[in-house]
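Observations on the three-dimensional arrangement
Okay, here's what each chain looks like letter by letter:
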Amino acid sequence: MIITVTLNAALDLTYRVPALRPRAAHRVLDVVERAGGKGLNVARVLAALGHRVAVTGFAGGPAGGEVRRRLAADPNAARLADALVPIAGHTRRTVGIVESRSGGATLLNEPGPTVTPAEWGALLRVYRELLAAGDADAVALCGSLPPGVPVGAYAELIREARAAGVYVLLDSDGPPLRRGLAARPDLIKPNADELAGLTGFAEPVGAARDARRRGARAVAASLGAEGMLVVAEDDGGWRAAPPVPLSGNPTGAGDSAVAGLLSGLAEGLPWPARLARAVALSAATVLAPAAGEYDPAAYAELLPRVEVVPATW
Ligand SMILES: Nc1ncnc2c1ncn2[C@@H]1O[C@H](COP(=O)(O)OP(=O)(O)O)[C@@H](O)[C@H]1O
Ligand SMILES: O=P(O)(O)OC[C@H]1O[C@](O)(COP(=O)(O)O)[C@@H](O)[C@@H]1O
């Protein structure tokens, strides 16, 4: 079983337009709605891969209700346990605008609802109960923090997971990521910009090794069409790349990479196989038009074609 935490859940809307022009009106070709926010995407992909998942975080208002309904209606709902904590504030929407001509995506992420100290306390109680149940292989802490949640929230959740002996992955950005590192997460999954922002190094190998010095036990950096780089717990490393760069909607590709890494961990796979899975799943997510979905046929076809090589430094 894997626990995913989405403190800033979202109703993800994907609008498709022929091309996006600033300061112009657009006719939207079609709209897709999904239960989103990073941890919810991770959970849906894990469930599709056959894993049981407990989904926690906050949900409130109309979008929060819709997120819960969509989670319950997921084709793999039997493996998705809804442990979201109700709040008085309204869950946000995130809007992805995908250009059908170029495949480019523009994202508008609302800040999210204000969470009260009592609601944060309720989340901590639910999280502790999930950890105490004793059957978690891993926890994924994903995404931004909504207003009101303390900036050290991830550090606190990491300390709790480590105290319970549960592997913990952090996928966030900015101050919540920086503060989280102090609590020594087992793995972080930054993209290239997040890694550079964290360390000040643009070059990913130096940056990933620096992130380990700052507290991450291992770093899996996602590098867009170039695939992924891992600097593992023993400072050994691997690189994995998709066979070809793909064009499509990259929203949620990073979340599928997280799902690939954690499903492989839960199945006892070694690093190279976990990495190959993460790259194939995330590349197959670029090929699926809606945020946070992957194309299963493309995943099966890509997996044997992902090249994993040891990295040296
Ligand atoms: N254009 C692309 N072609 C093939 N694979 C891609 C492409 N863009 C992203 N990916 C895959 O998705 C992963 C995550 O994408 P990335 O943009 O690095 O992260 P994030 O979605 O978190 O910003 C990459 O490591 C890669 O495996
Ligand atoms: O919590 P944040 O950082 O605002 O991110 C939320 C957004 O991230 C997503 O999970 C996509 O993330 P990735 O493209 O990094 O995988 C969307 O579903 C959501 O709109």
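Structure shown above.
A quick note: this is a predicted structure, and the numbers were derived from the prediction, not measured.

1. Points about the nonpolar core
With 53 residues, the main nonpolar core has Val55, Leu187, Met228, Leu261 and Leu262 as its most contacted residues. Broken down by element, the residue count for this core peaks at 9 residues, all from helix α9 (residues 271–286). In contact with Leu187, other than residues within four places in its own chain, are Tyr167, Val168, Leu169, Leu170, Ala218, Val219, Ala220, Leu261 and Trp271.

2. Some thoughts on the sheet that holds strand β6 (residues 92–99)
In space, the 4 strands of this open sheet follow the order β3-β2-β6-β7, with mixed pairing throughout. Unpaired on one side and paired on the other, β3 (30–36) and β7 (105–109) mark the two borders of the sheet. Ignoring which end each strand starts from, the neighbouring axes of this sheet average 20 degrees apart. Here strand β2 (residues 10–17) pairs with β3 via 7 bridges, running antiparallel. Looking at the pairing, Asp12 lines up with Arg34 of β3.

3. Quick look at helix α4 (residues 153–163)
Count 3.6 residues to each turn of an α-helix, and residues three or four apart come out pointing the same way. Within the sequence span of α4, burial applies to Ala153, Tyr154, Ala155, Leu157, Ile158 and Ala161. Two residues or fewer past α4, Gly165 is found with a positive phi of approximately 75 degrees.

4. With respect to the site of ligand 1
Of all residues adjacent to ligand 1, which total 17 residues, the nearest are Asn191, Ser222, Gly224, Leu246 and Ser282. One of the side-chain N or O atoms of Lys189 is found 3.0 Å from an oxygen atom in ligand 1. Take Gly224: an N or O atom from its main chain is 2.8 Å from an oxygen atom of ligand 1. Put simply, ligand 1 lies in the largest pocket. In terms of residue count, the dominant contributor to the shell around ligand 1 is α9 (4 residues). Tallied by class, the residues present in the shell around ligand 1 amount to 10 nonpolar, 6 polar and 1 charged.

5. What about the site of ligand 2?
Lining the immediate surroundings of ligand 2 are 15 residues, of which Asp12, Thr94, Ser144, Gly252 and Asp255 lie closest. At a separation of 2.9 Å, an oxygen atom of ligand 2 approaches a polar side-chain atom of Ser144. Within the backbone of Gly252, an N or O atom sits 2.8 Å from an oxygen atom of ligand 2. For ligand 2, the cavity whose grid points lie within 2 Å of the majority of its atoms is the largest pocket.

6. As for the side chain of Thr6
Of note, Thr6 is situated in strand β1 (residues 2–6). A relative accessible area of 1% means that Thr6 is categorised as buried. Polar contacts involving the side chain of Thr6 include one to the main-chain amide nitrogen of Gly39, which spans 3.3 Å. Discounting residues that sit within four places of it in the chain, Thr6 has contacts with Gly36, Gly37, Lys38, Gly39, Leu40, Thr56, Gly57, Phe58 and Cys142.

Definitions and cut-offs
Residues numbered from 1 in each chain as written. Chains lettered and ligands numbered in written order. Predicted model: local features only at pLDDT ≥ 70, side-chain atom pairs only at ≥ 80, totals over all residues. Heavy atoms only, no water. Core = buried A, V, L, I, M, F, W, Y, C linked by side-chain atoms within 4.5 Å. Buried < 20%, exposed > 50% of the residue type's maximum accessible area, 1.4 Å probe, protein only. Helix = DSSP H or I, 4+ residues; strand = E, 2+ residues; numbered from the N terminus. Contact = heavy atoms within 4.5 Å. Pairing = 2+ DSSP bridges. Axes fitted to C-alpha atoms, helices over the stretch in contact; angles between N-to-C directions. Near = heavy atom within 4 Å. Polar contact = N/O pair within 3.5 Å; in protein donor to acceptor, adjacent residues only side chain to side chain. 1 Å grid on protein atoms, 1.4 Å probe; cavity = no way out; pocket = protein on both sides within 12 Å on 5 of 7 lines; lining within 4 Å. Sits in = over half its atoms within 2 Å of the grid points. Nonpolar A, V, L, I, M, F, W, Y, C, P; charged D, E, K, R; others polar.

Nothing here speaks to function; it is geometry throughout.
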